[in-house]
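Spelled out from the first residue to the last, the chains are:
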Amino acid sequence: MAQVTPALYQQAGTKQRWRQALRTHLVALGFLTPSLIFLGVFIFYPLVKTVYYSFFLTNALGEPVKFVGFANYTTILKDPVFLTSLGVTLIFVVAVTGLTTICALALANLARKHLRGTVIFRTLFASTMGVSVSVASVLWLFFFQPTTGVSDMILNALHLPPIHWLTGNVWALVAVILTVVWMNIGFAFLAISGALENVPTHLYETAEIEGITPWLKVRYITLPHISPTLFFVATVTMINAFQTFGQVDLLTKGGPNNHTNLIVYQIYRDAFVNLNIGKASTESIILALLIALVTMAQFKLTEKRVMYQ
């Protein structure tokens, strides 16, 4: 009969722990498999194919016919239409991110006060989250309509000249910006409202006793305490602004003179109108890199000012 030694006990324990760890990993893999399949089919595979197509010239069927390396990238970066689209996109993103964050902060601060009808106003401010992009764009289209729009009716009643919302180079971009800000403001309002509720009230009470002005309260009490939420809202809004498509498609079709032709819409036109999949794939990669660079820059520049509690 073999003698049981401490070494055998240790060896048996090691095997048991190894089997238990293997069983745990297999169970975890079983739970992760559906998500991995979904991500692989709808995220990673299209990403790899997009990178692949960006190095080729493609025919009208989207099939690669000639390997050109980085020629697509150098050609696009010299294309005046794409450069105009890039500049318009950057202006659009900055405007949408800034206006959405500032307006949501102002509305959340207003709704925080115990005034009559506050609950109704909170519901109205957050109601944009329940409206789809297509419905919102059609509603704003009725407002901006050159001849029968609500905007011109109001201006005519005030004896003011009409505004060419959808046909003027600058006003068309302003119209799209206003539509997108209105769509995004619901989510930003709810997020900032929740953050404001967590600001200690005794700080405001102390500020009242000291006679501090409302602006100083906002600067030294409100903003530092809600800075993580503001940073989150600004980052999410910025990424969503880069991906804006529906409002441009329904309101301006990228016009006039490409002044609302955002990069996403330019990708759509090259891929499904001009049937140039190689060029559209290259623009998609450039857009992804641009979003990544801007997001990293935003983290570097603003995260140092965020006060995490």
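In this report, we go over the structure that sits alongside the text. (Residues numbered from 1 in each chain as written. Predicted model: local features only at pLDDT ≥ 70, side-chain atom pairs only at ≥ 80, totals over all residues. Heavy atoms only, no water.)

Focus: the pattern of salt bridges
Here is step 1: Inspection of the entire model under this criterion finds four salt bridges.
Here is step 2: Here Lys253 ties to Asp249 by a salt bridge, and the two come within 3.4 Å at their closest N and O atoms.
Here is step 3: For Lys253, a relative accessible area of 49% puts it in the partly exposed group.
Here is step 4: Classification of Asp249 by relative accessible area gives buried; the value is 16%.
Here is step 5: Where Lys279 meets Asp270, a salt bridge forms, and the shortest distance between an N and an O atom there is 4.0 Å.
Here is step 6: Here Asp270 falls in the buried class, since its relative accessible area comes to 2%. (Salt bridge = Lys/Arg side-chain N within 4 Å of Asp/Glu carboxyl O. Buried < 20%, exposed > 50% of the residue type's maximum accessible area, 1.4 Å probe, protein only.)

Here we look at the layout of surface pockets
Here is step 1: When its volume is computed, the largest pocket comes out at roughly 650 Å³.
Here is step 2: When contributions to the lining of the largest pocket are tallied by element, the ones reaching two or more residues are helix 3 (80-112), helix 9 (214-242) and helix 12 (277-302).
Here is step 3: Here the lining of the largest pocket is composed, by residue class, of 14 nonpolar, six polar and one charged.
Here is step 4: Looking at the second largest pocket, its volume works out to about 390 Å³.
Here is step 5: Among the secondary structure elements, those contributing two or more residues to the lining of the second largest pocket are helix 3, helix 7 (169-197), helix 8 (201-210) and helix 9.
Here is step 6: With four residues, helix 9 is the single largest residue contributor to the lining of the second largest pocket.
Here is step 7: Here the lining of the second largest pocket is composed, by residue class, of five nonpolar, four polar and four charged. (1 Å grid on protein atoms, 1.4 Å probe; cavity = no way out; pocket = protein on both sides within 12 Å on 5 of 7 lines; lining within 4 Å. Points joined across faces, edges and corners; volume = space filled by probe spheres on them. Helix = DSSP H or I, 4+ residues; strand = E, 2+ residues; numbered from the N terminus. Nonpolar A, V, L, I, M, F, W, Y, C, P; charged D, E, K, R; others polar.)

Brief notes about the environment of Ala157
Here is step 1: When you line up the elements, Ala157 lands in helix 6 (residues 150-157).
Here is step 2: Residue classification places Ala157 among the exposed residues on the basis of a relative accessible area of 57%.
Here is step 3: As a C-alpha pair, Ala157 and Ile291 span 134 residues in sequence and 44 Å in three-dimensional space.

Observations concerning the nonpolar core
Here is step 1: Judged by nonpolar contacts, the single largest core of 36 residues is most densely connected at Phe92, Val96, Phe242 and Leu287.
Here is step 2: Going through the elements one at a time, helix 2 (71-76), helix 3, helix 5 (133-144), helix 7, helix 9, helix 10 (246-251), helix 11 (263-273) and helix 12 are the ones with two or more residues in this core.
Here is step 3: Setting aside its immediate chain neighbours within four residues, Phe242 contacts Thr89, Leu90, Val93, Val264, Leu287, Leu290, Ile291 and Val294.
Here is step 4: Among the nonpolar cores identified, the runner-up in size contains 19 residues, and Ala104, Ala126, Leu196 and Tyr204 belong to it. (Core = buried A, V, L, I, M, F, W, Y, C linked by side-chain atoms within 4.5 Å. Contact = heavy atoms within 4.5 Å.)

A word on helix 3
Here is step 1: Taking 1.5 Å of rise per residue, the 33 residues of helix 3 would be expected to cover 48 Å, and the 48 Å separating its terminal C-alpha atoms lies within 8% of that figure.
Here is step 2: Where helix 3 begins, one side-chain oxygen reaches toward the backbone nitrogen of Val81, 3.2 Å away; that side chain belongs to Asp79. (Expected span 1.5 Å × (residues − 1). Polar contact = N/O pair within 3.5 Å; in protein donor to acceptor, adjacent residues only side chain to side chain.)

Details of unusual backbone geometry
Here is step 1: The step from Gly255 to Pro256 runs through a cis peptide bond, and the omega angle for that step is -5 degrees.
Here is step 2: With respect to the helices and strands, the residue Pro256 is situated in the loop between helix 10 and helix 11.
Here is step 3: One non-glycine residue with positive phi stands out, namely Asn257, at about 55 degrees.
Here is step 4: Topologically, Asn257 is positioned in the loop between helix 10 and helix 11.
Here is step 5: On the accessibility criterion, Asn257 (59% relative accessible area) is exposed.
Here is step 6: We note that Leu275 has phi near 55 degrees; this positive angle belongs to a residue other than glycine.
Here is step 7: Considering the arrangement of structural elements, one finds Leu275 in the loop between helix 11 and helix 12.
Here is step 8: On the basis of relative accessibility, which here comes to 39%, the residue Leu275 falls in the partly exposed class.

Quick word on helix 11
Here is step 1: Every buried residue belonging to helix 11 is among Ile263, Val264, Tyr265, Gln266, Ile267, Asp270 and Ala271, and all of these are buried.
Here is step 2: The secondary structure elements touched by the buried residues of helix 11 are helix 3, helix 9, helix 10 and helix 12.

Overview of the packing of helix 5 against helix 7
Here is step 1: Where helix 5 contacts helix 7, the axes come no closer than 10 Å and their chain directions differ by 135 degrees. Between helix 5 and helix 7, the angle is such that the two are oblique. Handedness of the helix 5/helix 7 crossing: right-handed. Contacts between helix 5 and helix 7 involve Val133, Ala136, Trp140 and Phe144 from the first element and Ala175, Leu178, Thr179, Trp182 and Met183 from the second.
Here is step 2: Class assignment for the residues of the contact of helix 5 with helix 7 results in eight nonpolar, one polar and no charged. (Axes fitted to C-alpha atoms, helices over the stretch in contact; angles between N-to-C directions. Parallel < 35°, antiparallel > 145°, perpendicular 65-115°, else oblique. Left-handed = near helix turned anticlockwise from the far one by under 90°.)

As for the environment of Pro64
Here is step 1: Looking at where Pro64 falls in the secondary structure, it is placed in strand 2 (residues 64-67).
Here is step 2: For Pro64, a relative accessible area of 31% puts it in the partly exposed group.
Here is step 3: The spacing of Pro64 and Ile277 is 213 residues in sequence and 8.7 Å in space, taken between C-alpha atoms.
Here is step 4: Ignoring sequence-local partners within four residues, the contact set of Pro64 consists of Tyr52, Tyr53, Phe56, Leu57 and Thr58.

Everything listed is a geometric property; what it means functionally is a separate question.
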